[in-house]
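Listed below are the residues making up each chain.
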Amino acid sequence: MTASIETTTAATEAPTTGTTPVVGAGEEFARLHPTTLDVGPNVRDHVDTDSQDFRDLVASVVVHGVVQAISAVRDGENVVVIDGQQRTLAAIEAGVESVPVLIRTAVETFKEREIERISKQVVTNDLRTPLTEGQRAKAFADMLALGLSATKIAKSVQVKRETVKAGAAAGRSQTAIAALDAGQLDLEQAAVVAVFDADGDDDAVEDLLNAGSRFRSVAQELIADRAERKARAEAGTPYAAKGLTVLADEPDFDSPYVAAEDLVTADGDPITEAVIDGAAEHWAVWLTADEQITVTATGEVIESESIDWATEGAPKAVAAEGFHHHKDVTVAQVWVPEYFTADPDAAGVKLGPILAAASSEPDEADDQAAAERKAREKKAAQAALAAKEAEKAARRRTVALNKASAAATIVRKEWLSKFLTRKTLPKGAGKWITETLVDEPGLLTENKAPQYLAELLGVTVPADTSPSAGYPGVADKAARRALAATIDKASETRAQVILLAQILAAYEARVSGKGNDSWRRTSWGNQDNYLGFLDQHGHVLTVVEQSAAGTLTPEQAYDQLTAPTE
């Protein structure tokens, strides 16, 4: 490296004055030729040398030279730029003979040097031309990779810890960084995209990048779907151990797979698990997640219609005659297997009577009566198969809409919680409140509405340990007591917002309090009034919510939900 033209080494600390540094302990000031400086890595991973700002900087250096000292560290024989990347490049292009450099001795280890470099560059660049969001995110990811905690990074670069965590997640994906810098995504959204990008799930990344205002809902659906796929794969382990193929997608009508229920053995007997296990390599299994309700004491499987749902959360309530108390049942997710083969001959089985009749062809040896009989049998068999396929399609639709509804509920409640932090009513809300209460005066006392209100307002309800705990209505009373302090300290306008929150919470309890099938009830419960209000004030309704509001049929919602992405 070219020797310095001018060097001063300090023995005591002193402040920087104007553009001429007064060196401190462990520092030296030098004038060096800019080409001798090692620019090294920088959180600003790209300098646009064609930009007007950079061209103006070069013009200034030509006339005035570099007037603010470049900050660097001495690392062995090298002088590495820490702060002054653009000034160094501009000085090289301007052809100046020397630039002022304030040099410190580098810290001992590479890891310590990198942490110091990145944190200092983030702060100093933000104080000038701000880094792009993508550059900041990449810097956070790099510092985390070096072992620095999110808390220490946040303190070092003066941002919130949550921002560091989201940025670090986004910074691991070039796709997320590009979308962030393009303004297509915000930091939180980019962090979500990065998770799916890291898994190599290109379809999910594409869906998210095209989601627009529905990003949060699409993301929640994808997160739920990923969790289900993982759980299905784990549930499939015992079947794979037997030699069966565990299917990742359910076979549809056009699939080469034939269902075991449509087949028989060579002797005409139904297909059993023993038959399948005996030729496992020729069989596949599809696992469907289902909710199973059993009587806890006996294990008897029962239907949800046999439960007195009014007893949920009220263990001391008395169930209606002929119904089960909610506390006496167990609700669990189970994986129901359906078996298929793509090669019945290899599996040692043949088509069952209905499938065989449906696919039969006329026999030239048949007389007219026999041919007509076979034609009628074929038509009847095809009708039976069509009805069976329609039933399966309806089941698939129910499963898909229930899953979409569960995801939509999570996103909707998140949106409500943020929406209800406001201090004043949104435009038109006062009239809507009045019309709603006149139409449904009992709305606020139904479906555990007070408990939902506490949840949406972030109010903690202490556990009730009194002798009355567990009786009907007691949990609602506990929620109202917990809410009293929030209401008491509210301003007049904030109190009006809390009244709005009571109505929205009551509706939410009605819509999601009994499961995920609100998409069925398009003509009951005033769901259109509730969801229409949310839509008018910024919550983008998903297709399953549009079905709940009655603006789409369940069939239309399902078709839109499963339509291929272009």
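You'll find the structure just up there.
What you see is a predicted model, and the numbers here were worked out from it, not measured in a lab.

Enquirer: Any details on the overall build of the chain? Residues and values, ideally.
Expert: A count of helical and extended segments in the chain gives 22 helices and 14 strands. Out of the 566 residues in the chain, the part that is buried amounts to 40%.

Enquirer: Before we move on, can you summarise the packing of helix α17 (residues 449–456) against helix α18 (residues 474–488) with the specific residues and values?
Expert: In contact at an axis separation of 7 Å, α17 and α18 are set at 40° when each is read in the N-to-C sense. The two elements α17 and α18 meet at a crossing, and its hand is left-handed. Facing α17, whose interface residues are P450, Q451, L453 and A454, α18 presents A475, D476, A479, R480 and L483. Along the lines of polarity and charge, the residues of the contact of α17 with α18 split into six nonpolar, one polar and two charged.

Enquirer: Tell me what's going on with the pattern of salt bridges, and back it up with residues and numbers.
Expert: Under the counting rule described, the total for this entry stands at 27 salt bridges. R226 is the partner of D199 in a salt bridge, and the nearest nitrogen-oxygen pair spans 2.6 Å. With D199 in the loop between α8 (187–198) and α9 (202–209) and R226 in helix α10 (residues 215–235), the pair connects residues that are 27 residues apart, well separated along the chain. Here the salt bridges share partners, and the residues they tie into one network are E250, E338, E389, R395 and R396.

Enquirer: Before we move on, could you go through α17 and cite the residues and values that matter?
Expert: Burial runs high along α17: six of the eight residues are buried. Among the residues making up α17, those that are buried are A449, P450, Y452, L453, A454 and L456. Residues of α17 that are buried in the fold lie against α15 (368–419), α18 and α19 (492–512). G458 sits one or two positions beyond α17 and adopts a positive phi of about 70°.

Reading guide: rules and limits
- Residues numbered from 1 in each chain as written.
- Predicted model: local features only at pLDDT ≥ 70, side-chain atom pairs only at ≥ 80, totals over all residues.
- Heavy atoms only, no water.
- Helix = DSSP H or I, 4+ residues; strand = E, 2+ residues; numbered from the N terminus.
- Buried < 20%, exposed > 50% of the residue type's maximum accessible area, 1.4 Å probe, protein only.
- Axes fitted to C-alpha atoms, helices over the stretch in contact; angles between N-to-C directions.
- Left-handed = near helix turned anticlockwise from the far one by under 90°.
- Contact = heavy atoms within 4.5 Å.
- Nonpolar A, V, L, I, M, F, W, Y, C, P; charged D, E, K, R; others polar.
- Salt bridge = Lys/Arg side-chain N within 4 Å of Asp/Glu carboxyl O.

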